[in-house]
Structures are given as C-alpha cells and as structure tokens.
Amino acid sequence: MTRLRVPSTSDVVIVGGGPAGAAAANVLSAWGHAVLLLTKSEDTAPTLAESLPPSCRKLFRAIGVLEAIDKAKFLRSTGNTFWWGSDELRSERFTDGELGYQVIRREFDRVLRTQAENKNVTVVQGTVKRVEFDTGEMSLGGGTVHVMAGGEHANPVVVSARAVLDCSGRAGVIARQGFRRYGSAPATLAIAGVWERPDGWSLAEPTHTLVEAYRDGWAWSVPVSAMRRYLTVMVDPRETDLDRGGQLAVTYRRELAKTRQISRLTDHARLTTEPWACDASVYSADRYAGPAFLLVGDAASFIDPLSSFGVKKAIASAWMAAIVTNTCLVKPEMAEAACEFYTARESEVFSSYAVQAAEYFRDVAAKHDHPFWTGRSDLEDDLGFGSPAAIDLDALRLDPAMQAAFADLKVWPEITLAPGDRLQVERWPGIAGREVVLEERLGLEMSTVGRVALRFVRGVDLPALVRMAGDHRQVPDLFEAYNQRYSEVNLPDFLGALSLLLASGALRNT
Ligand SMILES: Cc1cc2nc3c(=O)[nH]c(=O)nc-3n(C[C@H](O)[C@H](O)[C@H](O)COP(=O)(O)OP(=O)(O)OC[C@H]3O[C@@H](n4cnc5c(N)ncnc54)[C@H](O)[C@@H]3O)c2cc1C
C-alpha cells in the first residue's frame, strides 16, 4: 500500500477500499480520471470468509481484475447445500459446472486494491473523519469536496475533489449524514469463528457453502481450504443476553448447538480464534446520490447476507457509480439525470434482493413459527422499495389484447404497419458505453401491467422496430431485416414484441 502524502486535489476521492471502493477505483482510473482511494487499516481486525457466485466472473472481467483474482487461487466452490425449512438436505450445483469463489475477504480486497494501484490509483491508508461539501447543488461535477483523513497521518488533511464516492460500507461516512434508512425490520447479529480439522471433513461436497436454518436463527459454513472452515451464526441480538454481560463465545457455542448438521462440523475440530461479532442488519437510503457524492455498495444499502450476493451487488453498484461519475465529469449537463438514474437503479436493486430474501424467510416461517422468521417474512415499507426494474412478462403474455394481436399476426396474409394513435416516444436515461445518455423508450399502457416506459422487451429494441415496421409486407421479412440490423433475437421473442406494439396501439395494421 502506498504511504505517500495525500494529494491536495483529485478528480475523484473514494472513501473505503472494500470491493465497492476498489472496483470503482479500478474502473475510473482505467477511464483516465485521477483517483484517490482512502481506506482504513484493517490489518488486525477479524475478517470473514464469504461465498461469491460464479456470475461474479463477468463483473471481475468488466472491472479488469479477473486474471488477478484467478491468480490468487481462492478455493473454488461447486454449489451450495441447504437444510432450509425442512430437515431434508438440498444440494445444488451451480449450472453448467460453473464455479463460485470462497474468499477470505481481507485477501480478496487486497487483490482488488493492488490492481487499482497498478492502474495508477493513489491508495492511502487513513480514516476519513468527515466529508464536507461546498455546493448545495443536487448534481455531481460542480463542487469542491474537503476530506479530512486521519489514521497514520498525524494531522488531518484536506483534499479537494470534483466527486466523492462513499464506499465505506456500514460505516457510511456520507450515508450517515442523514441519508441512511434503517426501517423496522428486526436486527441481525452475525457471530463468526474459524475452525480447523487436521484431517479435513469427510463431506459429500467439500467446497459447498452449507446453510442451515434452526428455530430462531440460521448458521452458515464457508470452507477456505480442505482443513479450514468459517462457521457463522445469524441471530436476533434481542434474543441473546449479550447486552446484559453475556459472553460472546458462550452465545456462539449455544447457537451452534441448536443446529443439527452444522454443529457436527465442530466434532474433532479446533476453534482457532475467539469468536467475533458484527452487525448484519439490513438498511437502505433515502437517496443514493447528492451534491457531488454517490453512495456505493454497502454504504448505499445492505441486503440480507443469506443471499450471498453482497459483494456482487457492491461491485455492480461500483460499476454503475463509475459510469455516473464519468458522465458527471465529462458531461456536467447530464449530471442531474445521471444521479436520478443511479438512485432509481440502487433502489430497484435493493428491492429485488429484499423481495427474494423475504420469500426465503417465509419458507422457514412455515416450519418455525418464531418471530425471527415471521418478522423477516414481510417487507417493511419503511425501508423504501423502488418499483421493479422490469415489467412482468408472464402477466403480459396472458393479456387478452396481446393474445389477440398475436393471433392476428399469424393469419394476416400481408402487413402494412404504421405508427398507431397511442405511439409515445419518451426520453429516459440509459447507459451507452461509459456514459448515461437520454435514450428513446416507448410509453405503453396495457391493462395487465399498467403504464410502462420500455426500450427493450426480451432483447427486442422497441423504438427501432417501430421505425422499420412499415418497410416490409411479410412478418418473416421484417424479422430477417431486424436481425440483420440489430442484435439477433429469436422468432418467439420478436413476435411477442411485435404483438405488444400492436396490442398497445403503438403500431397499427392499416
Ligand atoms: C455476516 C456477513 C456475511 C456475509 N456473507 C457474504 C457472502 O457470503 N457473500 C457476499 O457476497 N457477501 C456477503 N456479505 C456482504 C458483504 O460483506 C458486503 O456486501 C460487502 O463487503 C460490501 O462491500 P463494500 O465495499 O460496499 O463495503 P465493505 O466491504 O464494508 O468495505 C468498506 C471499506 O471502507 C473502509 N472504511 C470504513 N470506514 C472508513 C473511513 N471512515 N475511512 C476510510 N475507510 C473506511 C473499511 O475499512 C472497508 O475497507 C456478508 C456480510 C455479513 C455482515
């Protein structure tokens, strides 16, 4: 890690060198911006082992770290094993033989930061105490930001930047300046320990993450080698005696003993460290972008660790934050639209994970009627859920107008398509390469899904299809011409998109 003097100015200051901060730094620096990454020293703090799904590879490639991650030789996993809502074992392999990663987070984060340094990011160890903004504008690109770093620097320093990304995780250096939203969902405390067994464990799937629900909590085991596993329990802190002087180690062992399967891993195994605890409660934010800042990764929102998608979400959030920041720096006139786009997307992402987690909790609540499960089964409105990112295509397929249009398409001997009375072309923010741009979408109204503004349906570019629909008299000719000009789609998806345009009145057959 560089122990340079902190520069007094930078295009972008990133607070926090976890997955979100390191990923954003990698991308923004590769795109030519001066980036200063300030991160706390965590060399002595305990670190978790975490499971990353195979789909993370695509993100690693996108941020330019895939080769380095592969070189680091983290244990690769073939899937997950659950005892969830029943005593029956469910073992799931990742599709197509793909492999996930079991990473020790301190090592994983270091790989990402080293890659950032290799791309000319200035990485400085220090604790950011405060971030102040000297602009009241609701957009990036127009202000100067002052950052006071402490840590090994005896005197606080001030850095001016055009944008600050809060990637400080739960600490939320900027997020806690009035943006974080905790809601009334029950709190979760994670208690972790590292176990070793010299002969290893004779498990059917030794690389799998193991997850087990019990009456009032759940346990989770991540292997990092043949002989070493992390065992963590997730509990409601109110159900423990920790705030009344209870011992963490005692609570940890008591909770592990409630499991039938995961507790067996402790037989003939040695707990190598004192157990430690961390807060794992969910939260979101009122908004995710503001005057010269973005909240990124866990600083923006925290999803239930059950999903094993926290790191993936953090890196995806960083990728989007890099696009928004780049847009604000190179096209300040787009800053406001880009920040709104970012807030909408972060809110949708948080919502979709929250909906999924609530479903998993409901599965267990059906077996264990305990507040730990019932309290997490409902979505609390006070966390602010965004509207879903995509329309419900299943509902759309059953729409009577869609079905009628599809039937017409099959029997019409010839088509003469023209813009319909209800064609509405709108301008919405979308992504083109490294920038947020205003792109065309069609405003459509259907009884089953209500009003939506769409650019693509099943990969079919709706405004493009409207533009060329009148050029052909046969549907197969239109299909072929579309596929020659735009990204290829299959016939059922093409017919579905065409039916939607007819059913909604965006196109008519004259
Ligand atoms: C118990 C538990 C289990 C989990 N299991 C998984 C899993 O299996 N798979 C998965 O994908 N995700 C898992 N997660 C979620 C995952 O840990 C987070 O989503 C992920 O770490 C988010 O990355 P981040 O970069 O946004 O934040 P963080 O990883 O929290 O990084 C924040 C960084 O900011 C630094 N920082 C904080 N304050 C300051 C400051 N004032 N100044 C400078 N630097 C600062 C910190 O030192 C840290 O480096 C789990 C989380 C918990 C709590």
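Please refer to the structure higher up on the page.
Predicted, not measured: the structure shown is a model, and the values here were computed from it.

Here is what the cut-offs are and how they apply
Residues numbered from 1 in each chain as written. Predicted model: local features only at pLDDT ≥ 70, side-chain atom pairs only at ≥ 80, totals over all residues. Heavy atoms only, no water. Phe/Tyr/Trp six-rings, centres within 6.5 Å; stacked < 30°, edge-to-face > 60°. Helix = DSSP H or I, 4+ residues; strand = E, 2+ residues; numbered from the N terminus. Buried < 20%, exposed > 50% of the residue type's maximum accessible area, 1.4 Å probe, protein only. Lys NZ or Arg CZ within 6 Å of the ring centre and 35° of its normal. Pairing = 2+ DSSP bridges. Axes fitted to C-alpha atoms, helices over the stretch in contact; angles between N-to-C directions. Contact = heavy atoms within 4.5 Å. Salt bridge = Lys/Arg side-chain N within 4 Å of Asp/Glu carboxyl O. Expected span 1.5 Å × (residues − 1).

Got a sec to walk through the packing of aromatic side chains? Specific residues and values, please.
Scanning the model with the defined rule gives 15 aromatic pairs in all. Seen from their ring centres, Y482 and F494 are 5.8 Å apart, and the 50° between their planes marks the pair as tilted. Of this pair, Y482 sits in helix α12 (residues 475-485) while F494 sits in helix α13 (residues 491-503), and the two are twelve residues apart along the sequence. Each member of the pair, Y482 as well as F494, is classed as buried. Connected via pairs of aromatic rings, a cluster forms that spans W84, W218, F361, F372 and W373. When the ring centre of Y101 is taken as reference, the NZ or CZ atom of R76 above it lies at 3.9 Å. The ring of W201 carries the charged tip of R229 above its face, separated from the ring centre by 5.7 Å.

How would you summarise the sheet that holds strand β3 (residues 49-52) if you had to cite specific residues and measurements?
If you trace the three strands from one edge of the open sheet to the other, you get β3-β7-β4, paired in antiparallel fashion. Both edges of this open sheet fall to β3 and β4 (75-77), since each of them pairs with a single strand only. Along the sheet, successive strands turn relative to each other by an average axial angle of 30°, direction set aside. Along the sheet face, helix α4 (residues 105-118) touches β3 and β7 (100-104) and points at about 100° away from the line of β7.

I'd like a description of the pattern of salt bridges, backed by residues and values.
A full pass over the atoms with the stated rule returns 27 salt bridges. For R105, the salt bridge goes to E50, with nearest N and O atoms at 3.0 Å. With R105 in helix α4 and E50 in strand β3, this residue pair connects regions lying 55 residues apart in the sequence. Just as R105 is buried, E50 falls in that class too. Through salt bridges with shared partners, a single network forms among E439, R441, R455 and D461.

A description of helix α1 (residues 19-30) should follow, citing residues and the corresponding values.
The terminal C-alpha atoms of α1 lie 16 Å apart, and with twelve residues this matches the ideal 16 Å at 1.5 Å per residue to within 8%. Taking burial as the measure, the twelve residues of α1 include eleven buried ones, the bulk of the element. P19, A20, G21, A22, A23, A24, A25, N26, V27, L28 and S29 are the residues of α1 that are buried. Contacts from the buried residues of α1 go to β1 (9-15), β2 (35-39), α4, β11 (160-166) and α6 (310-330).

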